[in-house]
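So you can see what is in the structure, the chains are spelled out below.
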Amino acid sequence: MDLSYGSEYESFREGVRRFIAENKASAPRAGIGVASGRAGGDLIGWQAKLIEHGYAARNIPREYGGYGAEPDILKRVILDEELNAAGVSRGIGGQGPEMLVPTLLEHGSESQKRDWIGPTIRGEVVWCQGYSEPGAGSDLANVQTRAVEDGDDFLITGQKIWTTTAHLAQMMFGLFRTEPGASKHGGLSYMLVPMDTPGIEVRPLATMTGESEFNEVFFNEARVPQSNVVGERGEGWKIANTTLRHERTMLAASAQLESALLALLALMKEEQSNGVRAIDSPLLRDRLLRLQSRVLALKYHDLRMLTARIRGESPGTAALVTKLAGCEVSHQIAALGIDVMGELGVLYEGSPRERNGGRWQALHMFSLGLIIGGGTAQIQKNIISERGLGMPREPVAQFQLQEQR
Amino acid sequence: MDFALSEEQMLLAKTLERYLEEECPITRVRELVAERAGHDGGTWKDLSELGVAGILVPEEHGGSGLTLLDSAATAESLARGVAPVPFLGSAVMAPIALAAAGSREQQARWLPLLATGDCRVGVAATELVSTRDGAGVEERSGCLHGTALMVIDGPGADHFLVPLAGGERLAWVDAQAPGLSTTRLKTIDRTRGFAELELDGVKVEEWLGEGGAARDATRRMLTAGRAVLAADLLGACARAIELAVAYAGQREQFGRVIASFQAVKHLCAEMVAELEPARSLVWYAAYAFDAVPADAEKMACHAKAHLSEIGPFIVRTAIEVHGGVGFTDEQNLHYWFKRVGVDRQLLGHPDSLREEAARLQGWVD
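All residue numbers refer to positions counted from 1 along the written sequence of the respective chain. Each chain is given a letter, starting from A, and each ligand a number, starting from 1, according to the order in which they appear as written. Residue-level local features of this predicted model are given only where pLDDT is at least 70; pairs of side-chain atoms are given and counted only at 80 or more, and the full residue set underlies all totals for whole chains, interfaces and linings. Remark: hydrogens and water are excluded; side-chain values derive from all non-hydrogen atoms of the structure.

## A short note on the overall build of chain B
Stage number 1. Within chain B, the secondary structure is distributed over twelve helices and ten strands.
Stage number 2. Its C-alpha atoms give chain B a radius of gyration of 20 Å, near enough to 21 Å, the size a compact globule of 365 residues would have.
Stage number 3. Projected onto its principal axes, the C-alpha coordinates of chain B cover approximately 75 × 45 × 40 Å.
Stage number 4. Accessible area is worked out with a 1.4 Å probe on protein chains only. A residue is then buried under 20% of its type maximum, exposed over 50%, and partly exposed in between. Here chain B, with 365 residues, has 59% of them falling under the buried criterion.
Stage number 5. A sequence separation of at least 24 residues applies to 74% of the contacts in chain B between residues at least 6 apart.
Stage number 6. Total accessible area computed for chain B in this model is approximately 14100 Å², and 49% of it derives from carbon and sulfur atoms.
Stage number 7. In this charge count, Lys and Arg are treated as positive and Asp and Glu as negative; neither His nor the chain ends contribute. The location of each charge is read from NZ of Lys, CZ of Arg, CG of Asp or CD of Glu. Averaged over its 35 positive side-chain charges, chain B has a centre that lies 4 Å from the centre of its 52 negative ones. A helix here means a DSSP run of H or I that spans at least four residues, while a strand means a run of E at least two residues long, and both kinds are numbered starting from the N terminus. Restricting the calculation to C-alpha atoms gives the radius of gyration, and the globule rule supplies 2.2 Å times the number of residues raised to the power 0.38. Should any heavy atoms of two residues lie within 4.5 Å, those residues are considered in contact. Method for areas: the Shrake-Rupley scheme with a 1.4 Å probe, in which residue coverage is limited to the protein chains shown.

What follows is the structure in structure tokens.
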């Protein structure tokens, strides 16, 4: 264990502070919750500055448009701390930079890396993830959308659902059934699909938040070159699991939780009931401290996982719990934010007296979606117990077998 | 730059676990504590030879001069084996107080005896956190008067560390001193010893530190104790989970092992999902004690509070996974349940620790 801040780190922190001081005026503010969608010009400009200084895409090799630094967990901690403390955006995240880019680095061809990593980390290309289908949710390997070989291309037909940002995305990465005779898991390929391909139709899916964060995507013989397959044909399941691992880390990133907790603290210092600030209520304060315990635990847990990754060690069971633990904390932070506002906590849709643009309600509902999405909490528990603890899978229920007979 | 236990720390933990498995397995613990709760001299002597007693004592005084993170790794191993030894008082709190506030002469006199495990120290820390039943110790014309409740590692102690006036002064008292009487207390956990001290004009053997030095030493001792208790909780929980998973893999009902039922698997997954992030919190709290002083008190409060919240959930769930047999004396699960139950209450229960963490961050008016 060594997190000592030598002079190298002190000067790194100084550099970050100076950068923030010089650029704060043009820096987009940090939001709570998971920002996704197409980045505006200010965010794209901010991201370019962050990359230039090594404050975003820090460990992405230079030849693919990143900063090319060696992974260093302490610098990453310093960056998160300083950007969080200043309340400025940590740059462009989401499915492209945080899920696809690590997957391409691990499995992509040289030309796929050159074509896609740079534009993705700069925010020029927005990605959506084509995994889930109406019949392939928790049972993800049951993907039925088929890609039929046609010359040098595939013709894709079928339907995806829960496709975040599909209405904004230029590109999709996803799982498609390319090997009809093969096994359930062995028949899938991981493919990159331009969203402007003729035969693709996107329909927004309204959710309980009142927004349409997700979509349904319909494919009708959409033509995609075979060279868009990442890795080998039939290896899609393995590659998708790489992406999912990154997704589960992203959905519960502790830096996100820390900035939400800071926003909650600010709210509690502001909000008053009967002339008493929320932070001065022992009951509400205790709830804040309980959440702080959990956020701190996840923060140091991230450092532990990062260390294992840098050393090339398998962190084992410990790595499987992040999504389950983190998404729950996010939901509870939002719940406390609402309670702090009492009756006014229910105000929404830009109502008079609404606080923070209704974002506490939005986060409360959206984080419930995150508890379900990316593998439900119950699927996470199966993964933890089966892959982590080596417990056996549940056998197929008897009554199903009898019905089939 | 890394966030992980060192190879030496993992080796230390492995060595202790192997020793306890071979020499002091749960069947042996049962025998040792059957007659009388508290500490087993033989086990403590063996562990002292492995370096456990002197882990924090500086090398110049015969110890290993290691860090609190090493102590935390040790505490985790001891709790896994529910070892009946006076680690917290004699090997953590006392050496830290002596090293922080003792004069050179006092350190040279006592630290070598702590390092070999020959001097056992009971720590009267309860009144630092809360006073009940009119307890408390004060000085009148050079002698100590009063009562100290729930003295950690009190039974069998050779000396007592007695903070006065909320830690402004720190007294080192000979257990044989006239006017001192010790009553052994019975708790749910037979693997640790607690005593009540009655002081009626007891002469102070040494005053440790003057003014600010005693106060700071008391804070350090309390902070270290909390971080190590968090590690103890961690070890007890980790072992309880292993036992539950192993049992579920053997026990058959409805024609299959119960580990194949999602209802059982999800309980196990929930325990792990609580424990693993908490492990990282404990490591950082122990690391911060030596390396990040500004964070140390707050992190010890959080670690102790958080582990005290998830601990009871984990050990009761581990018992539930066992079903009825988990509730029996014979299955031994209750040793870890009780260890957790005692850890939770010591040196500040979770609510008061969170309040202290809030105060340390300036969130309390």
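## Examining the domain arrangement of chain B
Residues and elements named next belong to chain B.
Stage number 1. Bear in mind that the domain bounds are from an automatic or database domain assignment. Each assigned domain of chain B is listed with its residue range as follows: domain 1 (7-116), domain 2 (121-212) and domain 3 (218-360).
Stage number 2. Between domain 2 and domain 3, the contact holds 15 residues from the first and 14 residues from the second.
Stage number 3. Buried area adds together the accessible area that both of two parts lose upon being put together, with accessible area traced by a 1.4 Å probe. Summed over both partners, the interface of domain 2 with domain 3 buries about 1200 Å², with 76% contributed by carbon and sulfur atoms.
Stage number 4. Note on definitions: salt bridges are taken to be side-chain nitrogens of Lys or Arg within 4 Å of carboxyl oxygens of Asp or Glu. Between domain 2 and domain 3 we count two salt bridges in total.
Stage number 5. The partner of Asp-232 in a salt bridge is Arg-192, and the shortest N-O contact between them spans 3.9 Å.
Stage number 6. Pairing of N or O atoms within 3.5 Å defines a polar contact, subject to two protein rules: one partner must be a possible hydrogen donor and the other a possible acceptor, and residues neighboring in sequence count only if both atoms are side-chain atoms. Taken together, domain 2 and domain 3 are joined by four residue pairs in polar contact (both at pLDDT 80 or more).
Stage number 7. Following the grouping adopted for this structure description, the nonpolar residues are Ala, Val, Leu, Ile, Met, Phe, Trp, Tyr, Cys and Pro, the charged ones are Asp, Glu, Lys and Arg, and the polar ones are all others, Gly among them. Split into classes, the residues belonging to the side of domain 2 that touches domain 3 amount to ten nonpolar, three polar and two charged.

## Here's the deal with the domain arrangement of chain A
Residues and elements named next belong to chain A.
Stage number 1. Once the domains are mapped, chain A shows domain 1 (7-92), domain 2 (127-234) and domain 3 (252-388).
Stage number 2. Taken over C-alpha atoms, the centre of domain 2 sits 31 Å from the centre of domain 3.
Stage number 3. Taken together, both faces of the contact between domain 2 and domain 3 bury some 520 Å²; the carbon and sulfur share is 74%.
Stage number 4. Ranking the residues of domain 2 by area buried against domain 3 places Ser-138, Met-208 and Thr-209 at the top, with a combined share of 78%.
Stage number 5. Here domain 2 is connected to domain 3 by zero salt bridges.
Stage number 6. Viewed at the interface, domain 3 and domain 2 are joined by one residue pair in polar contact (both at pLDDT 80 or more).
Stage number 7. Grouping the amino acids of the side of domain 2 that touches domain 3 by side-chain chemistry returns two nonpolar, two polar and one charged.

## Digging into the interface of chain B and chain A
As a measure of interface size, the accessible area lost when the parts come together is often cited.
Stage number 1. Taken together, the 47 residues of chain B in the interface contact 47 residues of chain A.
Stage number 2. Here chain B meets chain A over a buried area of about 4200 Å², counting both sides, of which 62% is carbon and sulfur.
Stage number 3. Looking at the side of chain B facing chain A, the largest losses of area belong to B:Met1, B:Phe3 and B:Trp363, adding up to 20% of the total buried there.
Stage number 4. For the interface between chain B and chain A, the tally reads nine salt bridges.
Stage number 5. A salt bridge links A:Asp286 to B:Arg354; the shortest N-O distance between them is 2.7 Å.
Stage number 6. Along the contact surface separating chain B from chain A lie 21 residue pairs in polar contact (both at pLDDT 80 or more).
Stage number 7. Elements with a contribution of two residues or more to the side of chain B that touches chain A: helix 8 (212-248), strand 10 (256-257), helix 9 (262-291), helix 10 (293-322) and helix 12 (350-360) of chain B.

## Description of the state of the cysteines
Stage number 1. Two cysteine sulfurs form a disulfide in these notes if their separation is within 2.5 Å. Counted by the stated rule, this structure contains zero disulfides over all chains.
Stage number 2. For the unlinked cysteine B:Cys301, the closest cysteine sulfur is that of B:Cys237, found at 19 Å.

## Comments concerning the pattern of salt bridges
Stage number 1. Across all of its chains, the model carries 57 salt bridges over all chains by this definition.
Stage number 2. For A:Arg203, the salt bridge goes to A:Glu201, with nearest N and O atoms at 3.1 Å.
Stage number 3. The partner of A:Glu271 in a salt bridge is A:Arg355, with the nearest N and O atoms 2.7 Å apart. Placement of the pair is A:Glu271 in the loop between helix 7 (254-270) and strand 9 (272-273) and A:Arg355 in the loop between helix 10 (322-340) and helix 11 (359-372), with a sequence separation of 84 residues.
Stage number 4. When salt bridges that share partners are traced, they join A:Arg304, B:Glu17, B:Glu76, B:Arg80, B:Arg239, B:Glu242, B:Glu276 and B:Arg279 into one network.

## Here's the deal with the pairing of strand 3 (residues 143-152) of chain B
Side-chain direction in a regular strand flips from residue to residue, so the side chains alternate between the two faces of the sheet.
Residues and elements named next belong to chain B.
Stage number 1. Among the ten residues that make up strand 3, seven are buried, leaving the element largely enclosed by the rest of the structure.
Stage number 2. Looking at chain direction, strand 2 (residues 136-140) and strand 3 are connected through five bridges and run antiparallel. Note that in strand 3 the partner of Val-137 across the bridge is Gly-146.
Stage number 3. The loop that links strand 2 with its antiparallel partner strand 3 comprises two residues; one of these, Ser-141, has a positive phi angle of about 40°.
Stage number 4. In this scheme, strands are said to pair when DSSP sees at least two bridges between them. Here strand 3 runs beside strand 7 (residues 194-203); their pairing, made up of eight bridges, is antiparallel. Within strand 7, the residue paired with Leu-144 across the bridge is Val-202.

## Structural notes on helix 11 of chain A
Stage number 1. The span expected for a helix works out to 1.5 Å for each residue beyond the first. In this model helix 11 of chain A runs 20 Å from its N-terminal to its C-terminal C-alpha over 14 residues, within 8% of the 20 Å that 1.5 Å per residue would give.
Stage number 2. If you check which residues of helix 11 of chain A are buried, you get A:Trp360, A:Gln361, A:Leu363, A:Met365, A:Phe366, A:Ser367, A:Leu370 and A:Ile371.

## Some details on the environment of A:Met365
Stage number 1. Among the structural elements, A:Met365 can be located in helix 11.
Stage number 2. If we skip the residues at most four places from it in the chain, A:Met365 touches A:Met208, A:Thr209 and A:Tyr348.

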